[in-house]
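# Structural overview
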Amino acid sequence: MGSTLYRKKGPLIAFLLPAFLFLLLFLYYPFVQNILNSFSDITGLGAPAQGLNDPWYVNYATLLTDPKLRTALGNTVLLTVCTVAFQVGIALVLALLVDSIRVGAQLFRTLYFFPIVISATALGLMFNLIFLYNGGMLNQLLVNLGIAAENIDWKDADHFLLTMFSPVMWQYVGFYFVILVTGLNNISQDLYEAAALDGCTGLKRVRFVTLPLLRNVLCTCLVLAITGALKVFDLPWVMLGAGMPQDQGWLTGTYMYDQTFNRGNVDYGSAIAVLIVVLGVLFSNVANRVFKPRSDL
Amino acid sequence: MKKITPAKAGTYVVLTFWALTTLYPFVWVVLNSFRERGLIRKDSFSIPLPGGGLTMENYAKAMDRFDFGNAYMNSLLISIVVTVAVVLIAGFAAYGMVRFRFRLRGLCRSLIMAGMMFPVFSTIIPVFRMEAAWGIASSGNRWLSLLAVILPQIAGNLCFAIIVLMGFIESVPIELEESAYMDGCHVFQVYFHIIMPAAKSSFATVAIFAFLWSYNDLFTQNFFLRVPREKTITLLLNEISSQAGVDYGLMAASVVLIVAPVLAVYVLLQKHIIKGLTAGAVKG
């Protein structure tokens, strides 16, 4: 990288300043403020802090013993694993398949991307209608086809994980699909032709040409999927509400929201937010280690 | 002569199956938005026919009770400003980060990556207090309230946009930029004439996501927009869902009313989206 063009550093300020100004003012400053809040005693949204907590780390001590938080963490880790495996997995399979066809490729892209256009509020309402106990789409379908003898309560203790996870994963498959398809399009046709000359086609080509070249894009997808899973909020919130059923359905996002906005535990909510960020950094570092992006590709 | 191999057929079966999972739920909702009250629970799969359960009543009720036009205006205004700002600011930052070598580069990179992790709930309260102190949040002025939503939404979209754009700008061959420089272009001309056209596809991707996330965001809007005339489309839907109760027909009709214009725009833009996505491949 010895380009003379980029030796003068003057313009750099102009390039970076607007972005970092926004990040510092609207992300980092509030977040630092949030960390301070997690050590302070705050009882209401509008209320100023009433000094430090006693002892100051009490919220973090509570984090360790709170059974609901443990549930939330368990569910969230499970969701993260499912997200990486199914969301990115399905997206990769679909992207490779669409890349291999000509007729209809555009139609499939249009259809796959389509759930992302819809707001989570609308989707939550839609899935509530689908998973409805009495006369929802799924129950009517299963009963009519004779798969289930009677209506299934999709929000009970046996089914809520499926009910909560599947819409979240379903919605964002198209998102990773688009990123991966764009990545596939950026792979030069010459490489494929060269590979074909060497007798490398079909699955072999996927394994030895496509996937290695897609590595950086895949890595981006993984980091996005992991951090996205930790923040999931609106769909589960619209569908299941506060920790349904019987405090088993918490996610870190919904639990934090509930503590902060419904219970007025603003300082404890702030501590949970800190935990979410720490986990996000940790998880995505692991992902980066395992699927290290390579600069030579 | 084209032959249909089993592999090809399998490919289409898999692709079609997934397409059905994304399409059918919406078809189902549309069908039921035209169904007479009470019939949804018994028989939701048939196509409602005139005289056989078809009704426009759900739509009449929704249009009558809620102000959709104003909500669309507010939503579009917010999302368009956010999109333009994100594309400009993130493009600049990504370019600077990829091409320049400087001392704090590692730190800046980490700041951007870590910025992705912040759940919006963790920053919203301090942001609200800060904006209230500036006089733009809860000022009672409609435009200032919209601005109060726009600013944190720009910040919230930036990290993702920068990361995606960095990935693509990295793959633009640097030789092009150098030869442009030799021809007397300065850095900004290189950015606008070489980088932006070459990474057009990823700029399109980033713009689309910024728009959608801003448009669909419930949380930030809910926090800053309290007065009825400031209401956006997601807020309106939220309000409907809490008022509709067990009136499933009204819910279905509202979902359709809110989704339909987005879909229309999406289908229209689709050509450009695909063109944008594939343009990168041609330039390779």
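What comes next is a walk through the structure. (Residues numbered from 1 in each chain as written. Chains lettered and ligands numbered in written order. Predicted model: local features only at pLDDT ≥ 70, side-chain atom pairs only at ≥ 80, totals over all residues. Heavy atoms only, no water.)

## Let's talk about the overall build of chain B
Where we set the bar: Runs of H or I in DSSP of at least four residues are treated as helices and runs of E of at least two as strands, each being numbered from the N terminus. What sets the accessible areas is the Shrake-Rupley method with a 1.4 Å probe; for residues, cover comes only from the shown protein chains.
Along chain B, the regular secondary structure elements total twelve helices and zero strands. Secondary structure elements in chain B, listed N-terminal to C-terminal, are α-α-α-α-α-α-α-α-α-α-α-α. Roughly 12,700 Å² of accessible area belongs to chain B as shown, and the carbon and sulfur atoms make up 69% of that amount.

## Overview of the overall build of chain A
Formally: Buried, partly exposed and exposed residues are distinguished by accessible area as a fraction of the type maximum, computed with a 1.4 Å probe on protein chains only: under 20%, between the cut-offs, and over 50%, respectively. Every residue pair with non-hydrogen atoms within 4.5 Å of one another is taken to be in contact.
The number of helices and strands found in chain A is twelve helices and zero strands. Sequence-ordered secondary structure for chain A, helices as α and strands as β, is α-α-α-α-α-α-α-α-α-α-α-α. Dimensions along the principal axes, computed over C-alpha positions, put chain A at roughly 70 × 70 × 30 Å. Here chain A holds 297 residues, and 53% of them are scored as buried. In chain A, the proportion of contacts linking residues at least 24 apart, taken out of those at least 6 apart, comes to 68%.

## Structural notes on the packing of helix H1 (residues 10–39) of chain A against helix H8 (residues 187–198) of chain B
Where we set the bar: What counts as an axis is a line fitted to C-alpha atoms, over the stretch in contact for a helix, and the angles between N-to-C directions run from 0 to 180 degrees. For classification purposes, an angle smaller than 35 degrees is called roughly parallel, one larger than 145 roughly antiparallel, one from 65 to 115 roughly perpendicular, and anything else oblique. Under the scheme applied, nonpolar residues are Ala, Val, Leu, Ile, Met, Phe, Trp, Tyr, Cys and Pro; charged residues are Asp, Glu, Lys and Arg; polar residues are all the others, including Gly.
Closest axis-to-axis distance for the H1 of chain A/H8 of chain B pair is 10 Å, and the angle between their directions is 50°. As judged from the angle between their axes, H1 of chain A and H8 of chain B are oblique. Mapping the contact onto sequence places Pro 11, Ala 14 and Phe 15 of chain A in H1 of chain A and Val 187, Phe 188 and Tyr 191 of chain B in H8 of chain B. Among the residues making up the contact of H1 of chain A with H8 of chain B, the classes are represented as six nonpolar, no polar and no charged.

## Section: the interface of chain A and chain B
Rules: Using a 1.4 Å probe, buried area is obtained as the accessible area two parts lose upon being combined, added over both of them. Any Lys or Arg side-chain nitrogen found within 4 Å of a carboxyl oxygen on Asp or Glu counts as a salt bridge. In protein, a polar contact means a hydrogen-donor-capable atom and an acceptor-capable atom, both N or O and within 3.5 Å, with residues adjacent in sequence counting only if both atoms are side-chain atoms; elsewhere, any N or O pair within 3.5 Å suffices.
In this complex, chain A contributes 94 residues to the contact, which on the side of chain B involves 102 residues. When chain A packs against chain B, the two sides together hide about 9,400 Å² of surface, and 79% of this comes from carbon and sulfur. Looking at the side of chain A facing chain B, the largest losses of area belong to Tyr 6, Phe 15 and Phe 26 of chain A, adding up to 9% of the total buried there. On inspection of chain A and its partner chain B, the count reaches zero salt bridges. Between chain A and chain B we count nine residue pairs in polar contact (both at pLDDT 80 or more) in total. By residue number, the principal contributor to the side of chain A that touches chain B is H1 of chain A, which donates 20 residues.

## Structural notes on the state of the cysteines
Residues and elements named next belong to chain A. Quick reminder of the rule: By disulfide we mean two sulfur atoms from cysteines, separated by a distance within 2.5 Å.
Enumeration over the complete set of coordinates arrives at zero disulfides over all chains. For the unlinked cysteine Cys 82, the closest cysteine sulfur is that of Cys 221, found at 18 Å. Accessibility expressed as a relative area gives 16% for Cys 82, which makes it buried. In this structure Cys 221 is a free cysteine whose sulfur lies 9.3 Å from that of Cys 219, the closest cysteine sulfur available.

## Concerning the pattern of salt bridges
All names here are of chain B. Within this structure, the stated rule accounts for two salt bridges over all chains. Residues Arg 99 and Glu 177 are paired through a salt bridge, measuring 2.8 Å at the closest nitrogen-oxygen approach. With a gap of 78 residues between them, Arg 99 in helix H3 (residues 68–99) and Glu 177 in helix H7 (residues 174–182) connect regions that are remote in the sequence. Of the two residues, Arg 99 and Glu 177, both sit in the buried class. A salt bridge links Lys 231 to Glu 239; the nearest nitrogen and oxygen atoms lie 3.6 Å apart. In this structure Glu 239 comes out as partly exposed when scored by relative accessible area, which is 24%.

These figures capture arrangement, not role.
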